[in-house]
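The residues making up each chain are set out below.
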Amino acid sequence: MPEPDATIPRLEVERSYPRSVTSGDRELELRQMKRGDLEPMVSFATSLPQEDLLFLMTDIRRPEVVEGWIDSIEAGSRFTVVAEESGRLAGYGSLFRNDILWTRHLAEIRIIVSPEHRGCGLGGVLANEILEVARDVGLKKIVARMPRDQVGARTVFRKLGFDLESMLADWVIDLEGKTHDLVIMAFEF
């Protein structure tokens, strides 16, 4: 009997970039994140309100963290698309898959949009792009994690077809030491 294929394939994306998209009344360009985006991403992150940074998995204001992120893109465990308007980052969508063999069928979606680009549908554009990439590479399940009090984010993901998977009480802690419930939503292909 042949051995089952138990490898974790790279996130090889064959979509065409860059390309223009419309979000509200704005024209933006979507493209894959590259090594030259280290400084623009750090600038983008440092321009975000403090509450946007509270629950990120890593501190993307630090160049060494963004460099590690770019390394994971090049290694094929992460895919990130950035949205630019007039040469400035307006937001990003990222698909992250860890190296755990038994969860190779799923990945996590992460989306951040600058405050000046919120409310015009850019988060949905980025999320849809990431879902299409996930489908293209054969993933079966996409998860999104967010604090329970981020009602806007939960609403966006619900509209995209994500369902509540779990709610974990006091699972995350902010910089002031206050705990928050963590919501996990999932989308299945």
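The notes below deal with the structure included here.

Quick notes on the rules
- Residues numbered from 1 in each chain as written.
- Predicted model: local features only at pLDDT ≥ 70, side-chain atom pairs only at ≥ 80, totals over all residues.
- Heavy atoms only, no water.
- Pairing = 2+ DSSP bridges.
- Helix = DSSP H or I, 4+ residues; strand = E, 2+ residues; numbered from the N terminus.
- Axes fitted to C-alpha atoms, helices over the stretch in contact; angles between N-to-C directions.
- Salt bridge = Lys/Arg side-chain N within 4 Å of Asp/Glu carboxyl O.
- Buried < 20%, exposed > 50% of the residue type's maximum accessible area, 1.4 Å probe, protein only.
- Expected span 1.5 Å × (residues − 1).
- Arc of directions from axis to C-beta.
- Contact = heavy atoms within 4.5 Å.

**Observations concerning the sheet that holds strand β8 (residues 179-188)**
Next, step 1: The eight strands are arranged β1-β2-β3-β4-β5-β6-β8-β7 in an open sheet whose pairing can be described as mixed. The open sheet has two edge strands with one neighbour each: β1 (19-23) and β7 (163-173). For this sheet, the mean inter-axis angle between neighbouring strands, taken without regard to orientation, is 25 degrees.
Next, step 2: Bridge count between strand β2 (residues 26-32) and strand β3 (residues 78-85): four bridges; the pairing is antiparallel. Residue pairing across strands places R31 opposite V82, the latter belonging to β3.

**Quick look at the pattern of salt bridges**
Next, step 1: Considering all chains together, one arrives at 18 salt bridges under this definition.
Next, step 2: For R15, the salt bridge goes to E129, with nearest N and O atoms at 2.9 Å. In this pair, R15 sits in the segment before β1 while E129 sits in helix α4 (residues 122-136), placing the two residues 114 residues apart along the sequence.
Next, step 3: Of the residues examined, R15 reaches a relative accessible area of 24% and is grouped as partly exposed.
Next, step 4: Across the pair E132 and R135 runs a salt bridge, and its minimum N-O distance is 3.5 Å.

**Thoughts on unusual backbone geometry**
Next, step 1: Here the residue pair Y17 and P18 is connected by a cis peptide bond, since its omega of -10 degrees sits within 30 degrees of zero.
Next, step 2: Here P18 shows up in the segment before β1.
Next, step 3: Even without being glycine, S86 reaches a positive phi, approximately 55 degrees.
Next, step 4: Following the sequence through the fold, S86 ends up in the loop between β3 and β4 (88-96).
Next, step 5: Positive phi values are uncommon outside glycine, yet D170 reaches one of about 55 degrees.

**Side note on helix α3 (residues 63-75)**
Next, step 1: Here α3 spans 18 Å end to end across 13 residues, near enough to the 18 Å set by a 1.5 Å rise per residue.
Next, step 2: Of all the residues in α3, the buried ones are V65, V66, W69, I70, S72 and I73. Angular distribution of buried residues about the axis of α3 spans 155 degrees; they occupy a single face of the element.
Next, step 3: As for α3, its buried residues are in contact with α1 (38-47), β3 and β4.

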